[in-house]
Amino acid sequence: MKGYVAVSTIPSVKRRWRAPASAVLVLVLFSLLVPLAFLLGLHNRFPSGYDRLPSETSFPKFGHLDGVGTSSKGDGSRIENRVKRFGPMFSKDVTGNHMSKTGDLLNKKPAISSTEKLTVAGKDFSSNSQAMNMTSPSELQNTITYYKQEVIISHPKVLPVPRAVPSESLLNLSTKHGTWDDKKSDAEGGRRDETRKYCQLEFGSYCLWSIEHQAVLKDSAVKKLKDQLFVARAYYPSIAKLHGQQKLSRDLRQNIQDHERMLSVVTVDADLPKFVEKKIQKMEQTIARAKWCTVNCNNIDKKLRQILDLTEDEATFHMKQSAFLYHLSVQTMPKSLHCLSMRLTVEFFKSLTMDAKKSHHNSLDSPKLMQFVIFSKNIIAAAVTINSTIMNSEVNQNLVFHVVTDAQNYYAMKLWFDRNSYKAATVLVINFEELNLKYLHITGLEKLSPSEEFRVSVQKTDQLAAHTSTEYIAVFGHSHFLLPDILKNLKKVVVLDDDVVVQRDLSPLWDLNLEGKVNGAVEFCGLRLGQLKNFLGRNSYDAKSCVWMSGLNIIDLEKWREHNVTGTYFQLLRSFQTKNEVSLRAAALPASLLAFRNLIYPLGERWSLPGLGHNYGVDADSMKSAASLHYNGNMKPWLDLGVPKYKIYWRKFLTQDEKFMDECNVNP
């Protein structure tokens, strides 16, 4: 019995250990398969192999490279979410539906017929469009960007984040010294020109400014290390799997570790060790050896594309952020000018003898006097314009300047021109908000509206190529059309913008025969009314007429009243259905051009030279011979962002030895 029992227990013991043994075999099998899966790139987080070296590499990864192995879509969303914080401040320059990318533009097949596309601050309209009558206020609001005295007002909509264009617009936009590379081929030069124009369409004058102020790279060697590290990490997983390439794998690993060690502690070239050149050369040789090996190119391609996507997203974000800061700077009054206005206002109310100082002036509406009008909120700018006019006038005792300003700057302006003498000329300051005029009851017109400036881009496509030109147009603001009511007793005036510097005697303008026209203005034939037909609506006009510019204008007020230009202008505003301040100011471009149709007397180009507020390539000889210089654009001469080589013409007419300027550190 005992023997039976002993024999019967042996099979049961074997059955008891069979299940644990099977489990152990399964675990061993999984332990072999899991590393294999990672090596073959099957894990979701590492679609192209190892993202970093094994755990024994103790050196930390550099900066944002930790996210290289993740999906680029997530990184793009992260960047885009950060950009959205700045979105409301961007002008609606380019939309994905209206603006083709630079690469598409350059590779576009020749068109069968010639077409023309107009972009006013970014919105495109084809010449064969059937929507000819743009009367919707939302249409005006969404399509026109305008800026006066560095104020950019546009529809607050976030710009789309391009994913293919930035590599072209960022990397090839400029050279080290901020000029186009003359050594490149004609094809590359044309491509860069198109890229530059695309950048202007999206970011405006910021692109021109960024090219001229290209900073000297202080981390070129650091960037070289990063680039090599990117490529080495892309090749390492594939090289590590090759048989017979253990030495190359070790060398690649060692170089990656050396680069990571250096990048973990330095950010500029000055902090790099002296042997960095040897490390860079050694890495180049190792990468060259890796490229000769036969590897799976798909994995390397995926890795490099991930790096490219992430880099483009971050580069686009930084470019948008930089553009936002640029526009914020040009639209904000400098602290020193704000200080000057406040100090003068306080001093005005401390003064007791101000009101009677220049009360002896009478008969200011005499036809023998030369009357000038300036609409301005900027004390320094208006003072420079007046001073330059007087200093270059052969006779100044018969000059009268009417400075129309708002209530906020009225007392500061009044005190300034009472404290400072301008030879024998008379300066009168008018508070616009105290005037009781006919059209001031319209919402938005009760406040002073100086000249408006617009950035207009025209895109032309013919059978050979596409051409884009961007122009900056300045026209009268709403307040200018109240001139006959503001100066009821005057028959002729010269209207000056506050961003104009006069270099010649303007008295010949008074002897000019306008031949029955109302407005003597400098015409800009680079843009014609026919190219603006989608914005001018179905009103009748000569399509071949050139666009006229404000800045320096001689106005016949008698003819103005005879043709009822004021009534025509405000009737046009109503036809454009302007219901808010944005659409109202946007309508100034088409309404101003249409109000003076067939009423413009073209002045010679020598009377006014525009472009000094946005164009870095204005001819020096033309500047010297021009009767006046117009700083139209964002980069005004009183701003730090103004074009340095043009500021000298403006600074020499600044008022000197003024204590309030010294106290407020006004030194443009």
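**Student:** Lay out the overall build of the protein in plain terms, naming residues and giving numbers.
**Tutor:** Check the secondary structure of the protein and you find 23 helices and 15 strands. Every one of the 668 residues in the protein was classed for burial, and the buried ones make up 51%. Nonlocal contacts in the protein, meaning residues at least 24 apart in sequence, comprise 78% of its contacts between residues at least 6 apart.

**Student:** Just give me the short version of helix H18 (residues 565–575), but keep the residues and values in it.
**Tutor:** Every buried residue belonging to H18 is among Val565, Thr566, Gly567, Tyr569, Phe570, Leu572 and Leu573, and all of these are buried. Among the structural elements, helix H15 (483–486), helix H17 (557–563), helix H19 (581–586) and helix H20 (588–595) are those in contact with the buried residues of H18. Just downstream of H18, Gln577 is the residue with a positive phi angle, here 55°.

**Student:** Can you explain the side chain of Asn387? Please cite residues and give values.
**Tutor:** Mapping Asn387 onto the fold places it in helix H13 (residues 379–391). Contacts of Asn387, omitting those with residues within four sequence positions, involve Tyr422 and Phe653.

**Student:** If you had to explain the packing of aromatic side chains to someone new, which residues and values would you point to?
**Tutor:** Inspection of every chain in the model, using the stated rule, returns 21 aromatic pairs. The interplanar angle of 85° and the centroid separation of 5.3 Å between the aromatic rings of Tyr569 and Phe570 together place this pair among those described as edge-to-face. On the accessibility criterion, Tyr569 (0% relative accessible area) is buried. Between the aromatic rings of Trp638 and Trp650, the centroid separation amounts to 6.0 Å while the plane-to-plane angle is 50°, which identifies the pairing as tilted. Taken together, the residues span a long stretch of sequence, with Trp638 in the loop between strand E15 (628–630) and helix H22 (644–651) and Trp650 in helix H22 at a distance of 12 residues. According to the relative accessible area criterion, Trp638 is buried, its value standing at 5%.

**Student:** Account for the pattern of salt bridges, with residues named and values stated.
**Tutor:** One pass over the structure, following the stated rule, counts 14 salt bridges. With its nearest N and O atoms 2.9 Å apart, the salt bridge here joins Asp258 to Arg261. Residue Asp258 and its partner Arg261 are both found in helix H9 (residues 246–263); the two are separated by three residues, about one turn of the helix. Here Lys559 makes a salt bridge to Glu562, at a shortest N to O gap of 3.6 Å. In this pair, Lys559 and Glu562 both sit in helix H17, three residues apart, roughly one turn of the helix.

The rules behind the values
- Residues numbered from 1 in each chain as written.
- Predicted model: local features only at pLDDT ≥ 70, side-chain atom pairs only at ≥ 80, totals over all residues.
- Heavy atoms only, no water.
- Helix = DSSP H or I, 4+ residues; strand = E, 2+ residues; numbered from the N terminus.
- Buried < 20%, exposed > 50% of the residue type's maximum accessible area, 1.4 Å probe, protein only.
- Contact = heavy atoms within 4.5 Å.
- Phe/Tyr/Trp six-rings, centres within 6.5 Å; stacked < 30°, edge-to-face > 60°.
- Salt bridge = Lys/Arg side-chain N within 4 Å of Asp/Glu carboxyl O.

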